[in-house]
Amino acid sequence: MKPIDGVWDTITSFGNLARAAQRAAAGKRGHAAVARFLFRVEPELLRLQRELQDGSYQPGVPFEFEIVDPKPRTIAAAPFRDRVVHHALIDPLEDELDRRLVPQCFACRRGKGQHRALRYAQRLVRRNGWFLKLDVAKFFPSLRHEVVLSTLAAIVADTRAMALCERIVRASGTDGCGLPIGNLTSQWFANLALARLDQHVLAVLRPAGYVRYMDDFVLFANDKESLQAMHGAVAAFLAGELLLRLKPTATILAPVTEGLPFLGFRVYRGMLRLRPQNLARTRARLQKRAAQLRTGAIDQQQYADSVRAVVAHLRHGNTLAWRRTLFATTAASEAADPFLRQSQQPRRQLRQPGRQCAVCQPQQERTFDPQQQPGPAPRQDVLPPDRGDRFTASPRRAP
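Residues numbered from 1 in each chain as written. Predicted model: local features only at pLDDT ≥ 70, side-chain atom pairs only at ≥ 80, totals over all residues. Heavy atoms only, no water.

1. Some remarks on the sheet that holds strand β8 (residues 265–267)
Then comes step 1: What the three strands build is an open sheet, ordered β7-β8-β9; its pairing is antiparallel. With partners counted over all chains shown, the strands left at the sheet margins are β7 (260–262) and β9 (272–274), one partner each. Pairwise comparison of adjacent strand axes, ignoring direction, gives a mean angle of 30° for this sheet. (Pairing = 2+ DSSP bridges. Helix = DSSP H or I, 4+ residues; strand = E, 2+ residues; numbered from the N terminus. Axes fitted to C-alpha atoms, helices over the stretch in contact; angles between N-to-C directions.)

2. Describing the packing of helix α8 (residues 145–153) against helix α9 (residues 159–170)
How two helices sit against one another is set out by the angle between their axes and by the gap between those axes.
Then comes step 1: Following both chains from N to C, one finds α8 and α9 inclined at 165°, their axes separated by 10 Å at the closest point. With respect to α9, the axis of α8 lies roughly antiparallel. The handedness of the crossing between α8 and α9 comes out as right-handed. Every residue of α9 that contacts α8 at His145, Glu146, Val148, Leu149, Leu152 and Ala153 is listed here: Met162, Cys165, Glu166, Val169 and Arg170.
Then comes step 2: Residues of the contact of α8 with α9, tallied by class, amount to seven nonpolar, one polar and three charged. (Parallel < 35°, antiparallel > 145°, perpendicular 65-115°, else oblique. Left-handed = near helix turned anticlockwise from the far one by under 90°. Contact = heavy atoms within 4.5 Å. Nonpolar A, V, L, I, M, F, W, Y, C, P; charged D, E, K, R; others polar.)

3. Digging into the pattern of salt bridges
One side chain can pair with another of opposite charge once the charged atoms of both are near each other.
Then comes step 1: Per the stated rule, a full pass over the model turns up 14 salt bridges.
Then comes step 2: Of the charged contacts in the structure, one is a salt bridge between Glu44 and Arg40, with a shortest N-O distance of 3.4 Å.
Then comes step 3: Of the residues examined, Glu44 reaches a relative accessible area of 15% and is grouped as buried.
Then comes step 4: Overlapping salt bridges, with partners in common, bring together Arg47, Glu51 and Arg81 in one network. (Salt bridge = Lys/Arg side-chain N within 4 Å of Asp/Glu carboxyl O. Buried < 20%, exposed > 50% of the residue type's maximum accessible area, 1.4 Å probe, protein only.)

Printed below as a string of structure tokens:
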């Protein structure tokens, strides 16, 4: 596959920067920094274009904060103008970069995602007897800049675009190591670096099945011994080529009948079960949102959107009983939330012959008078059913 070249003019064009600003602002227009940038969008974009073209652009200082759900992490949020640059760089290259990834990679790609990865993993569980679940230890903080840049150098031949990639990579982490979690460029650069592992596994190790979602990946086979050999080969490749190591506590070698823990679910051949720790986190998250609704920190629409997002995610697994419990325990919140009550009512009623049903009209407000709206008359040429023999397809005939 030929390296990407001749894209610098497209990256720094005003139209591409304007589209990048719109994508970077999606869902964040209420933030003060975003609003200030968009208020003077044309001067800001012209200034950014000039800095990119003359090489004076320098990434700003990110805002760092800690999260503990699902595990302790440090998130580095780049300034908004830097996020505009990230979109301006990645968006024109996305199709070409996506072609460098194998179909078994599902993270941060259009048409892929977490739920498709779960369904694909379930198909592999049904076809194989054993799985080897692996995880890279501290993936984003441990990723070496030299590994990322050498990977990009084999893909991007445009020298000015490559210089911008290097400037973004060098501005993150310390001692030539680490990419910030959450940036669009970090997701793509990390995904491309682990694509080297994908190609090695599929071309050299050749497992019966393989699936990867960022730094979580699973190998499948029908015997335990072959997976044990692959485990050592994968560890050696990560240490020698990518300067990474596996997380020993996350390594699992087991038969598929025990269920594959993957992306918050336990994958069986016939079902997807939500893992207990994820169930506890989901409950705690919903309780927090309900408390914010009671105190006025969020409005009813935001609370309803949160509940719908959780339910939409859980519907991909076998979680019907728990979802019913969820709505039963949040009845008090629903009483103050008309949006949730609307979501549980049928949005339309099927039209029946001879009667008119109002769309989205509550059941208690609908009236029907058979004298004013008579139904269709019964057909006279249809014989009544024979009650003497319920299993005959046609009425009995006289001898």
